[in-house]
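Residue-level structure breakdown
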Amino acid sequence: MGATLSASRGQKPRWGLPPWTIEFHSEPLAAPEEVDFAVVGGGFTGLAATAWLRHLEPNKRVALFEASHIGAGSSGHTGGMTISETAAGGLPGLGDALAGLSRILRELEVRCDLTLPGVFEIGRHGVMPNSPIVWNDSGTLGVTREVPGGTIDPGKMLSGLAQAASKRGALIFENAPVESLTTEESPILNVHGKPVRARCVLLATNAESLELSGLSGQAQPKFTLAVATEPLQAEQISSLGLAAGKPFYTVDLPYLWGRVFHRNRIIFGSGLVHLEDWRGLLTLNVAEGHPAELLADLERRVHDLHPVLRGVRLSHRWGGPILIADKWEPVFRRHAYHRDVIVLGAYSGHGVALSVYLGAWAAEAMLGKRDLPHWEDNANAPD
Ligand SMILES: Cc1cc2nc3c(=O)[nH]c(=O)nc-3n(C[C@H](O)[C@H](O)[C@H](O)COP(=O)(O)OP(=O)(O)OC[C@H]3O[C@@H](n4cnc5c(N)ncnc54)[C@H](O)[C@@H]3O)c2cc1C
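Below is a summary of the structure that appears in this document. The structure displayed is predicted, hence computed values, not measured ones.

Calculation rules
Residues numbered from 1 in each chain as written. Predicted model: local features only at pLDDT ≥ 70, side-chain atom pairs only at ≥ 80, totals over all residues. Heavy atoms only, no water. Helix = DSSP H or I, 4+ residues; strand = E, 2+ residues; numbered from the N terminus. Rg over C-alpha atoms; globule rule 2.2 N^0.38 Å. Buried < 20%, exposed > 50% of the residue type's maximum accessible area, 1.4 Å probe, protein only. Core = buried A, V, L, I, M, F, W, Y, C linked by side-chain atoms within 4.5 Å. Contact = heavy atoms within 4.5 Å. Phe/Tyr/Trp six-rings, centres within 6.5 Å; stacked < 30°, edge-to-face > 60°. Near = heavy atom within 4 Å. Polar contact = N/O pair within 3.5 Å; in protein donor to acceptor, adjacent residues only side chain to side chain. Areas by Shrake-Rupley, 256 points an atom, 1.4 Å probe, with all protein chains shown as cover. Nonpolar A, V, L, I, M, F, W, Y, C, P; charged D, E, K, R; others polar. Axes fitted to C-alpha atoms, helices over the stretch in contact; angles between N-to-C directions. Parallel < 35°, antiparallel > 145°, perpendicular 65-115°, else oblique. Left-handed = near helix turned anticlockwise from the far one by under 90°.

Notes on the overall build of the chain
What the chain contains, in helices and strands, is 8 helices and 19 strands. Scaling as 2.2 N^0.38, a compact globule of 383 residues should have a C-alpha radius of gyration of about 21 Å, and the chain matches this with 20 Å. Taken along the three principal axes of its C-alpha coordinates, the chain extends 65 × 40 × 40 Å. Evaluated residue by residue, the chain yields a buried proportion of 58% over its 383 residues.

Some remarks on the nonpolar core
Across soluble globular proteins, nonpolar side chains have a tendency to be buried as a group. Core analysis: the biggest nonpolar cluster contains 61 residues, and Phe 65, Trp 135, Leu 189, Phe 223, Leu 242 and Phe 268 have the highest contact counts within it. Counting residues per element, this core draws most heavily on helix H7 (residues 289-305), at 5 residues. Non-local contacts of Trp 135, meaning those with residues more than four positions away in its chain, are made with Ile 122, Thr 140, Leu 141, Leu 240, Leu 242, Phe 248, Phe 268, Leu 305 and His 306. Core analysis: the second largest hydrophobic core is formed by 54 residues, Phe 44, Leu 47, Ala 353 and Tyr 357 among them.

Topic: the packing of aromatic side chains
The way to describe two aromatic rings as a pair is by their centre distance and the angle between their planes. In total, this model carries 11 aromatic pairs according to the counting rule given. Here Phe 332 and Trp 375 contribute two aromatic rings whose centre-to-centre distance is 6.4 Å and whose plane-to-plane angle is 55°, an arrangement assigned as tilted. Here Phe 332 is found in strand E18 (residues 331-335), whereas its partner Trp 375 is found in the segment after helix H8 (352-366), with 43 residues between them in sequence. Note on Phe 332: relative accessible area 3%, which makes it buried.

Points about the site of the ligand
Close contacts around the ligand come from 39 residues, with Thr 45, Glu 66, Ser 75, Met 81 and Ser 209 the closest. Residue Phe 44 places a main-chain N or O atom 3.1 Å away from an oxygen atom belonging to the ligand. Between the ligand and Ser 74, the relevant distance is 2.9 Å, taken from an oxygen atom to a main-chain nitrogen or oxygen of the residue. For the ligand, the accessible surface in isolation is 1,000 Å², of which the surrounding protein chains cover 98%. Of all the secondary structure elements, the ones that give two or more residues to the shell around the ligand are helix H1 (44-56) and strand E17 (314-325). It is E17 that contributes the most residues to the shell around the ligand, 3 residues altogether. Its residues assigned to classes, the shell around the ligand shows 17 nonpolar, 19 polar and 3 charged.

What to know about the packing of H1 against H8
In contact at an axis separation of 7 Å, H1 and H8 are set at 40° when each is read in the N-to-C sense. The angle between H1 and H8 falls in the class oblique. Considering how the two elements wind past one another, H1 and H8 form a crossing that is right-handed. Touching Phe 44, Thr 45, Ala 48, Ala 49, Trp 52, Leu 53 and Leu 56 of H1 are Val 352, Ser 355, Val 356, Gly 359, Ala 360, Ala 363, Glu 364 and Met 366, all from H8. For the contact of H1 with H8, the class distribution of residues is 11 nonpolar, 3 polar and 1 charged.

Side note on unusual backbone geometry
In this structure, the amide linkage connecting Leu 253 to the following residue, Pro 254, adopts the cis form with an omega of 0°. On the secondary structure map, Pro 254 appears in the loop between strand E14 (248-250) and strand E15 (257-261). A positive phi is found at Glu 109, a non-glycine position, where the angle reads about 55°. Within the chain, Asn 206 stands out as a residue other than glycine whose phi angle is a positive 50°. Tracing the sequence through the fold places Asn 206 in the loop between strand E12 (194-203) and helix H4 (210-213).

This is the structure:
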């Protein structure tokens with residue numbers, strides 16, 4: 001059976017800058033005509049899968065194709081909070097994503113400031129009597145529960161995974177959008193008008209190129225926003241109840257999440273821009289229209305949360321995409337058009353730990369060492 005799945009892309013997005021840097025640039029190389037494994041998308045998912053493929057099978061030819069640059073998508077614009085569960089809660093056979101994340105990063109020697117002190121769930125009702133957080137945000141916000149988790153430095157995790165993949169001999173191509181995927185006997189990617197044949201392909205393109213991943217009409221792309229404060233004093237962080245470095249998210253609405261970054265800045269996030277089509281991401285500008293209004297709302301909220309934050313300057317404003325699929329469950333399945341094409345993503349804003357954990361799992365599935373999970377009955381059959 002043959003099918004061509006196109007992925008038209010547009011200009012460079014203007015999503016603003018977060019407070020970390022990504023220290024990785026791929027070497028200019030000619031794309032191979034044939035590889036054993038091809039990975040599409042240079043976010044946490046694609047990079048973890050690529051590094052893990054070469055970690056387990058150093059003799060297989062592995063190539064990653066990234067449309068823009070490493071971290072151009074959600075992973076470079078994330079909050080970096082590591083959470084153990086999916087947005088839909090625990091799923092059958094998921095296992096311990098946080099333990100898996102720690103093990104994979106350790107084995108790949110990726111240093112990205114991973115700490116797992118726990119995560120505060122905060123809310124306006126059922127607040128613990130000794131809550132370290134007492135903020136003002138549509139009522140009094142305080143800690144309702146603590147759950148496992150922590151934080152990473154997203155720039156370091158992206159750079160570290162890319163370096164781990166590259167050091168192990170994977171080929172990484174930036175500015176290499178996969179324009180289409182033809183499925184004949186084996187999948188063939190079209191990169192810059194040239195075919196690249198692969199035994200097996202992983203599509204880790206998240207909220208973009210939904211026609212390629214077969215998720216168009218099945219998952220909703222959204223855009224969400226974040227700000228970072230200028231560096232604060234240790235006493236200010238302590239007055240906010242954040243001295244232990246535990247990130248937080250609200251369990252009721254209006255939604256708010258955040259974390260301490262590099263022990264001095266605080267990142268806060270909230271707000272959702274709804275998009276009719278994922279291509280809206282490519283023209284979205286955080287300095288204009290609805291995204292700018294949501295950022296202004298977030299800034300006001302941050303200043304009113306606590307007296308310590310009243311006059312604090314916000315040094316960074318940015319946003320990035322998330323993809324929400326059916327029942328908020330991640331998509332991890334074989335493509336409807338070809339069993340040797342795996343689709344992984346749509347973490348609904350809970351993708352930092354899961355992307356690395358499931359990316360490594362996808363690599364094991366590509367090598368035939370492990371089955372995919374059965375979180376949904378089947379990929380949708382072709383028409
Ligand atoms: C503001 C914000 C805050 C967040 N905070 C958290 C958090 O605190 N905790 C948490 O767990 N999750 C959080 N998330 C979600 C998390 O960041 C994502 O789930 C995760 O980064 C997804 O990684 P990924 O590799 O699957 O996708 P991405 O990082 O989006 O990577 C996909 C890549 O594919 C590339 N691509 C697309 N089409 C093509 C093509 N045709 N050819 C080649 N390449 C292509 C893109 O350029 C992109 O680089 C947040 C997200 C945002 C936006």
